[in-house]
Each structure stands twice: as C-alpha cells, then as structure tokens.
Amino acid sequence: MKFNGSLALGVAAALCAGTVSYRVLAHGNVTPQAVDTSALPDIGETWLQHNPYRGNATATKIGESAYGQNCARCHGLEAISGGVAPDLRYLEVGDTGDEWYIQRYQHGSVRDGKVYMPPMGDVLGQKAGWAIRTWLETKHEE
Ligand code: HEC
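Residues numbered from 1 in each chain as written. Predicted model: local features only at pLDDT ≥ 70, side-chain atom pairs only at ≥ 80, totals over all residues. Heavy atoms only, no water.

### Let's talk about the overall build of the protein
A tally of regular secondary structure across the protein gives six helices and two strands. Mapped in sequence order, the helices and strands of the protein form the string α-α-α-α-β-β-α-α. Per-residue burial over the protein gives 36% buried out of 142 residues. Here the analysis covers contacts within the protein between residues at least 6 apart in sequence; of these, 71% occur between residues at least 24 apart. Put simply, the protein shows about 8800 Å² of open surface, and 58% of that area lies on carbon and sulfur atoms. (Helix = DSSP H or I, 4+ residues; strand = E, 2+ residues; numbered from the N terminus. Buried < 20%, exposed > 50% of the residue type's maximum accessible area, 1.4 Å probe, protein only. Contact = heavy atoms within 4.5 Å. Areas by Shrake-Rupley, 256 points an atom, 1.4 Å probe, with all protein chains shown as cover.)

Here it is, written out as structure tokens:
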C-alpha cells in the first residue's frame, strides 16, 4: 500500500512537469537556433513537398547539427526518442514520408490550444528542414 502511494505521487509529479513545459512553449520562450544553410543549393521560397537534398552529404552534415540544436530536446539525441515526442527513426522514408515530415516541420502540432510542437518553418526555413530530413533518413529504422 505504502509503495503504491509513492508510485502514484511520482506519476503525478511527472505529469505536472509536462504541463509546465508545454505552457512555457506556448509563450514562445524556446528560441530556435539559426541554421547556416549557405552551403546548400537554393530551392526558392515556395515550400516543396519532396526532399531536394536526399542523399546529399553536405545536407546530412548540416541536418545532423540542426537536429541536435532544434529537435533533440524533444525527439531525443540521435533521433532516439525518450518518450516525450515520437521517435523520428520510424518516419516513412521517400516521397510519402517527406510530405508528412515537412507538414509537421512547417506548422508544428497544436491541439486543443496546446502547443505539442512549435512551428519551425518560418523560423528555420525550408533548407534547414530538408537538411534535417536528409540526416533523419540515414537514421531510419523499420
Ligand atoms: C517542444 C518539443 C518539440 C520540438 C522542439 C520538436 N518537436 Fe517534433 N513533435 C513534438 C511532438 C510532441 C510531436 C507529436 C505531435 C502530436 O502528437 O500531435 C511531434 C511530431 C513531429 C513529427 C511527426 C512525427 C510522427 O511520427 O507523426 C515530425 C516529423 C517532427 N515532430 C519533426 C520535428 C523536427 C524536424 C524538429 C526540429 C526542427 C522538431 N520536430 C522539434 C515535439 C517537438
């Protein structure tokens, strides 16, 4: 009985911590880190639906560092999720996966007024988004 009680308390504390971090997010206190994408070919302003950099070694390198600075705190180091957010190693590869990926990257995820994931498109730009996707595909697992 005693053991069960403290277990329940621990769970409640964990849930509260989650709520707090979402509130901080909603107020925009998490600053995205700018990504230097000048080494990558320009792809214009219009958002593409498929990755123009797939397999590009420079994009992979830029994407790895951009992921570490902007995504890892939720999605986990090396794209291995600790459970806070989905594990991005399992995202579908190829064109179909690209469409879902870039939609989330660009607009984030807001449900019932809560920010689960902040939009990244305007702050980081699409070159950085596709670079991260290029790196993620090298980490893919079925
Ligand atoms: C503040 C935490 C947070 C950050 C930072 C964050 N995400 Fe997310 N992301 C989430 C959560 C939570 C979800 C699940 C959203 C939902 O369930 O509606 C998600 C979902 C996604 C999905 C869809 C995954 C799926 O399996 O459907 C993609 C793709 C994604 N994020 C990419 C990124 C990328 C790329 C970055 C960095 C540029 C990033 N995220 C930064 C929290 C975050």
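### Notes on the coordination of the iron atom of the ligand
At this site the iron atom of the ligand is bound by H75 (NE2) and M117 (SD), with donor distances of 2.0 to 2.2 Å. One can describe the site at the iron atom of the ligand as octahedral: its six donor atoms subtend angles covering 83 to 179 degrees at the metal. Residue H75 is located in helix α3 (residues 72–75), and its partner M117 is located in strand β2 (residues 114–117); the two are separated by 42 residues in the primary sequence. Under the relative-accessibility criterion, H75 is labelled buried at 10%. (Donors = N, O, S within 2.8 Å, 3.2 Å for Na, K, Ca; no water. Tetrahedral: all angles 85-135°; square planar, octahedral: opposite > 155°, others 65-115°.)

### Looking at the site of the ligand
Taken together, 21 residues are adjacent to the ligand, and C71, C74, H75, S109 and M117 come closest. One of the side-chain nitrogen or oxygen atoms of H75 is found 2.8 Å away from a nitrogen atom of the ligand. Take S109: an N or O atom from its side chain is 2.5 Å from an oxygen atom of the ligand. Elements with a minimum of two residues in the shell around the ligand: α3, α4 (94–107), β1 (109–111) and β2. Of the residues forming the shell around the ligand, the biggest block, four residues, is contributed by α4. Split by residue class, the shell around the ligand holds 15 nonpolar, three polar and three charged. (Near = heavy atom within 4 Å. Polar contact = N/O pair within 3.5 Å; in protein donor to acceptor, adjacent residues only side chain to side chain. Nonpolar A, V, L, I, M, F, W, Y, C, P; charged D, E, K, R; others polar.)

### A word on the environment of E141
Following the sequence through the fold, E141 ends up in the segment after α6 (126–138). We classify E141 as partly exposed; its relative accessible area is 36%. Note: C-alpha distance between E141 and E92 (49 residues apart in sequence) is 9.0 Å. Excluding anything up to four places from it in sequence, E141 contacts R89 and Y90.

### Concerning the packing of α4 against α6
Their axes nearest at 11 Å, the elements α4 and α6 cross at an angle of 130 degrees. With respect to their mutual orientation, α4 and α6 come out oblique. Judged by the twist between their axes, the crossing of α4 over α6 is right-handed. Seen from α4, the contacting residues are G94, G97, D98, Y101, I102 and Y105; seen from α6, they are A128, G129, W130, I132, R133, L136 and E137. The residue inventory of the contact of α4 with α6, partitioned by class, reads seven nonpolar, three polar and three charged. (Axes fitted to C-alpha atoms, helices over the stretch in contact; angles between N-to-C directions. Parallel < 35°, antiparallel > 145°, perpendicular 65-115°, else oblique. Left-handed = near helix turned anticlockwise from the far one by under 90°.)

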